[in-house]
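Examination of the molecular architecture
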2 protein chains.
Amino acid sequence: MIIDALNCSNWDKSLFIEALEGGVTCAHVTLAVWETARETLSLVDRWNRFFRQYPELIMKVESAADIRQAKEVGKVGIMLGFQNSSPLEDDLGMVEIFHQLGVRVIQITYNNASLLGSGCYEPNDGGLTRFGREVVHEMNRVGTVVDLSHVGEQTTLDAISHSDRPVAVTHSNPHWLSHIPRNKSEKVMRELAAADGMMGCSLYPFLIGGPEVTLAQFCESMARAADVMGVEKLGIGTDLVRKCTPEYLEWLRSGRWTRQSSYGPAGPDAKPGWPEWQSWFKTPLDFGTVADGLQAAGFSAEETAGIMGENWLRFFEKVIG
Amino acid sequence: MIIDALNCSNWDKSLFIEALEGGVTCAHVTLAVWETARETLSLVDRWNRFFRQYPELIMKVESAADIRQAKEVGKVGIMLGFQNSSPLEDDLGMVEIFHQLGVRVIQITYNNASLLGSGCYEPNDGGLTRFGREVVHEMNRVGTVVDLSHVGEQTTLDAISHSDRPVAVTHSNPHWLSHIPRNKSEKVMRELAAADGMMGCSLYPFLIGGPEVTLAQFCESMARAADVMGVEKLGIGTDLVRKCTPEYLEWLRSGRWTRQSSYGPAGPDAKPGWPEWQSWFKTPLDFGTVADGLQAAGFSAEETAGIMGENWLRFFEKVIG
């Protein structure tokens, strides 16, 4: 079973087929990044239409049981999520509203500060805010995964300690692979694991240290991460951006908050445009290569199956039911 | 000339008459506290209707020249402002949009963290955010006053140093009068004055140390503030809440961000309801009493006139034109 804990692609029929052919049982897809509540309703509707249009390829998943069913019937399970808390606006009630609509993962900040806390690119991080504490508590109540990937260090640590349920970093790497604010310190990894949380290691070029990094180097990093967190706390969150447009990159980077292009998930300002991906992972068809690499790096077949999907399944079982 | 740099009343005809009888030439009134852009448009419309309905009592002021005209024609000049940046949402473009609609003061946070920075009741303050810097710069460009009254200490200091134009604390008191997060440290007062900014001292009971505090004590504090900042940097921002309802208090305190009643501008949770005001200042009709108190405390007639309004007029001339 392959679970991709974050796939940010600009989905269409051809990408559903590609994921299916790559053996993906569940992909957590990105709806909102900077969108308001109202704008996000239309993004949910877009997926409602996809589910009606391609019932032979995809199905909506809202629980671990749904993911198992997707595996059984041979479809790609789609888990809806946000990379920012912007759809909640300032309204605690929106956590349950979006849960009712099927959203199961909310990242509490996206690079910048949100009303909940500080993003990884803020110069300073004041930690989880008063509203942030309320939202984490409410996400615990309704069963929404707290995602901390693009979140600042102090806010990440605060969220780990404030949450009553395990939390996740769905798509980041350890600092030792690339020491950038978007990746995570050993301290965060330890606290995350101690709170029974998961880390999805990313295959995004910028986050592995560049496309010249080899599969073996990536898998060595996974082995080191397993030493720090325990192998059962590791998964994959590719951060694939298949068919994403330059306009979408601009939206991710600058939203409505600045009129300058600003560095973001795709790297510093100096490198505009979507990056070239490493030869050994370009599409979901390459998941098998990654699994082979993990075994070559010394992971057992069982451990590899855990990293590729089973660990996420158990995590989702605990957090969203 | 009396300028009240913050009057949060639930305005109606009787309050316009009261302000006029109290000699108020300009009142900065509060539109949004937690409202979104769309909700705030309706709050602007409410004032559009007031201006049409009571042209003999009030006029909209958007510049220092407008304030002088209000004085000349004997009306209460109304300056529109926000006590939070919520109407900007995440959109830098909203600064100019609301400026076009007449808004001349925006407080960058209200007690809690906003997208711009940290509020005075947050447990930690990470300072002005990336978006906050953009917004302060844009407010400088279009000529909107940056208000720092309910703002956290670090964010306040950051905003003072990032702003190219003088900024204001429209309605807070020095910590020595009441050492609460809503009041300001001597450090903030010094940096504010050094950047040519203004501090409007408030008459809100909670902020002066309780309704038992005497006029003489308040005026002694003003004298001490004059020593720290210079007398020409001081004004009044009453924070009057005439005719405000219990429901509005609940909105101010808890907005949509919590389901618990939360302490806010009116004091700790333990004291629900609007406070009793001190005997010597209950309505704009008591401004004369305050002016008398200032002179009794040793301020000259000219200095008193400065504090009561002329200092704000000069400040607005510089910042909004």
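The following paragraphs examine the structure supplied in this document. (Residues numbered from 1 in each chain as written. Chains lettered and ligands numbered in written order. Predicted model: local features only at pLDDT ≥ 70, side-chain atom pairs only at ≥ 80, totals over all residues. Heavy atoms only, no water.)

**A look at the overall build of chain A**
Along its length, chain A carries 12 helices and nine strands. For chain A, the C-alpha radius of gyration of 18 Å lies close to 20 Å, the compact-globule estimate for 321 residues. Projected onto its principal axes, the C-alpha positions of chain A cover 45 × 45 × 40 Å. Counting over 321 residues, chain A shows a buried share of 65%. (Helix = DSSP H or I, 4+ residues; strand = E, 2+ residues; numbered from the N terminus. Rg over C-alpha atoms; globule rule 2.2 N^0.38 Å. Buried < 20%, exposed > 50% of the residue type's maximum accessible area, 1.4 Å probe, protein only.)

**Some points on the interface of chain A and chain B**
With 32 residues of chain A at the interface, the matching set in chain B holds 32 residues. Approximately 2,700 Å² of surface area, both sides summed, lies buried where chain A meets chain B, with 45% of it carried by carbon and sulfur atoms. One salt bridge connects A:E138 with B:R259, and the closest N-O pair in it is separated by 3.2 Å. Inspection of the chain A/chain B interface yields 14 residue pairs in polar contact (both at pLDDT 80 or more). For the side of chain A that touches chain B, the class distribution of residues is nine nonpolar, 11 polar and 12 charged. (Contact = heavy atoms within 4.5 Å. Buried area = accessible area lost by both parts, 1.4 Å probe. Salt bridge = Lys/Arg side-chain N within 4 Å of Asp/Glu carboxyl O. Polar contact = N/O pair within 3.5 Å; in protein donor to acceptor, adjacent residues only side chain to side chain. Nonpolar A, V, L, I, M, F, W, Y, C, P; charged D, E, K, R; others polar.)

**Quick notes on the packing of helix 6 (residues 153-162) of chain B against helix 7 (residues 186-194) of chain B**
Residues and elements named next belong to chain B. At a closest axis distance of 10 Å, the pairing of helix 6 and helix 7 adopts a crossing angle of 10°. By the criterion of interaxial angle, the relationship of helix 6 to helix 7 is roughly parallel. As for the relative orientation of helix 6 and helix 7, their crossing is left-handed in sense. Side by side, helix 6 and helix 7 meet where E153, T156, L157 and I160 of the first sit next to K187, V188, E191 and L192 of the second. Residues belonging to the contact of helix 6 with helix 7 are distributed by class as follows: four nonpolar, one polar and three charged. (Axes fitted to C-alpha atoms, helices over the stretch in contact; angles between N-to-C directions. Parallel < 35°, antiparallel > 145°, perpendicular 65-115°, else oblique. Left-handed = near helix turned anticlockwise from the far one by under 90°.)

**A short note on the nonpolar core**
Soluble globular proteins tend to bury their nonpolar side chains together. Counting residues in hydrophobic clusters, the biggest one holds 91 residues, and the most contacted among them are B:W47, B:I58 and B:F218. Looking at this core element by element, the count peaks at eight residues for helix 9 (residues 215-229) of chain B. Not counting residues within four places of it along the chain, the set of residues in contact with B:F218 comprises B:N173, B:L177, B:C201, B:S202, B:L203, B:I208, B:V213, B:I236 and B:W280. Among the nonpolar cores identified, the runner-up in size contains 90 residues, and A:C8, A:I106, A:L192 and B:L252 belong to it. (Core = buried A, V, L, I, M, F, W, Y, C linked by side-chain atoms within 4.5 Å.)

**Describing helix 12 (residues 301-319) of chain A**
All names here are of chain A. Spanning 19 residues, helix 12 covers 26 Å between terminal C-alpha atoms, matching the ideal 27 Å at 1.5 Å per step. At I307, helix 12 shows its maximal kink, close to 65°. Buried within helix 12 are the following residues: T304, G306, I307, M308, G309, N311, W312, L313, F315, F316 and V319. One or two steps after helix 12, the chain reaches G321, where phi turns positive at roughly 85°. (Expected span 1.5 Å × (residues − 1). Bend = angle between axes of the 7 residues up to and from the residue.)

**Thoughts on the side chain of B:N140**
All names here are of chain B. Structurally, N140 can be placed in helix 5 (residues 130-142). Within the local environment of N140, its side chain forms a polar contact with the backbone nitrogen of D164, the two atoms lying 2.8 Å apart. Setting aside residues no more than four positions away along its own chain, N140 makes contact with H162, S163, D164 and R165.

**Section: helix 11 (residues 287-296) of chain A**
Residue and element names in this part refer to chain A. Taken residue by residue, helix 11 has F287, V290, A291, G293 and L294 as its buried positions. The arc that holds every buried residue of helix 11, seen down its axis, measures 160°, which confines them to one face. Summarising the geometry of helix 11, the exposed residues directed more than 90 degrees from the buried face are D292 and A296. Those residues of helix 11 that are buried are in contact with strand 1 (2-7), strand 2 (24-30), helix 9 (215-229), strand 9 (234-236) and helix 12. Just past helix 11, the residue G298 takes up positive phi, approximately 110°. (Arc of directions from axis to C-beta.)

**Considerations on the packing of aromatic side chains**
Residue and element names in this part refer to chain A. Counted by the stated rule, this structure contains 34 aromatic pairs over all chains. Between W34 and Y110, the ring centres sit 5.5 Å apart and the planes meet at 85°, which makes this aromatic pair edge-to-face. Remark: Y110 occurs in the loop between strand 5 (103-107) and helix 5 (130-142) and W34 occurs in the loop between strand 2 and helix 2 (37-53); sequence separation between them is 76 residues. Assigned by exposure class, W34 and Y110 land together as buried. With centroids separated by 5.5 Å and ring planes inclined at 70°, the aromatic side chains of Y204 and W277 adopt a geometry described as edge-to-face. Taken together, the positions of Y204 in the loop between strand 8 (198-201) and helix 8 (205-208) and W277 in the loop between helix 10 (246-254) and helix 11 put the pair 73 residues apart, joining distant regions of the chain. (Phe/Tyr/Trp six-rings, centres within 6.5 Å; stacked < 30°, edge-to-face > 60°.)

**Examining the relation of the copies chain A and chain B**
Note on the copies: chain A fits chain B at an RMSD of 0.0 Å, the axial shift is 0.0 Å, and the rotation between them is 180°. What we have between these two chains is a two-fold relation. Closest to the rotation axis within chain A is the C-alpha of A:G126, separated from it by 1.9 Å. The share of interface residues of chain A whose copies in chain B are also at the interface is 100%, consistent with both copies meeting through the same surface. (Least-squares fit on C-alpha atoms with pLDDT ≥ 70 in both.)

**Observations concerning the pattern of salt bridges**
Residue and element names in this part refer to chain B. Inspection of every chain in the model, using the stated rule, returns 32 salt bridges over all chains. Close ionic contact of E18 with R242 constitutes a salt bridge, the shortest N to O distance being 2.6 Å. With E18 in helix 1 (residues 13-21) and R242 in the loop between strand 9 (234-236) and helix 10 (246-254), the pair connects residues that are 224 residues apart, well separated along the chain. E18 gets classed as buried once you look at its relative accessible area, which sits at 12%. Given the relative accessible area of 26%, R242 is considered partly exposed. One salt bridge in this structure joins E138 and R141, with 2.9 Å as the shortest N-O distance. Linking E138 with R141, this pair stays in helix 5, spanning three residues, or about one helical turn. R141 sits in the partly exposed class, given a relative accessible area of 48%.

**Topic: a nonpolar patch on the surface**
There is a patch of nonpolar side chains on the surface, built from A:L41, A:I97 and A:L101 and spanning about 210 Å² of accessible area. Classification of A:I97 as partly exposed rests on a relative accessible area of 35%. (Patch = residues over 30% accessible without salt bridge, like charges linked within 9 Å, V, L, I, M, F, W, Y side chains within 5 Å. Areas by Shrake-Rupley, 256 points an atom, 1.4 Å probe, with all protein chains shown as cover.)

**Topic: the pairing of strand 5 (residues 103-107) of chain B**
All names here are of chain B. In terms of residue burial, strand 5 counts as a mostly covered element, since five of its five residues are buried. Judged from the three bridges that link them, strand 4 (residues 76-82) and strand 5 form a sheet pairing that is parallel. Bridged to G81 within strand 5 is V105. In the sheet, strand 5 pairs with strand 6 (residues 145-147) via three bridges, with the strands oriented parallel. Within the sheet, the bridge partner assigned to V105 lies in strand 6 and is V145. You can see the chain leave strand 5, run along helix 5 and come back into strand 6, and the turn it takes is right-handed. (Pairing = 2+ DSSP bridges. Right-handed = clockwise from strand over helix to strand, strands pointing away.)

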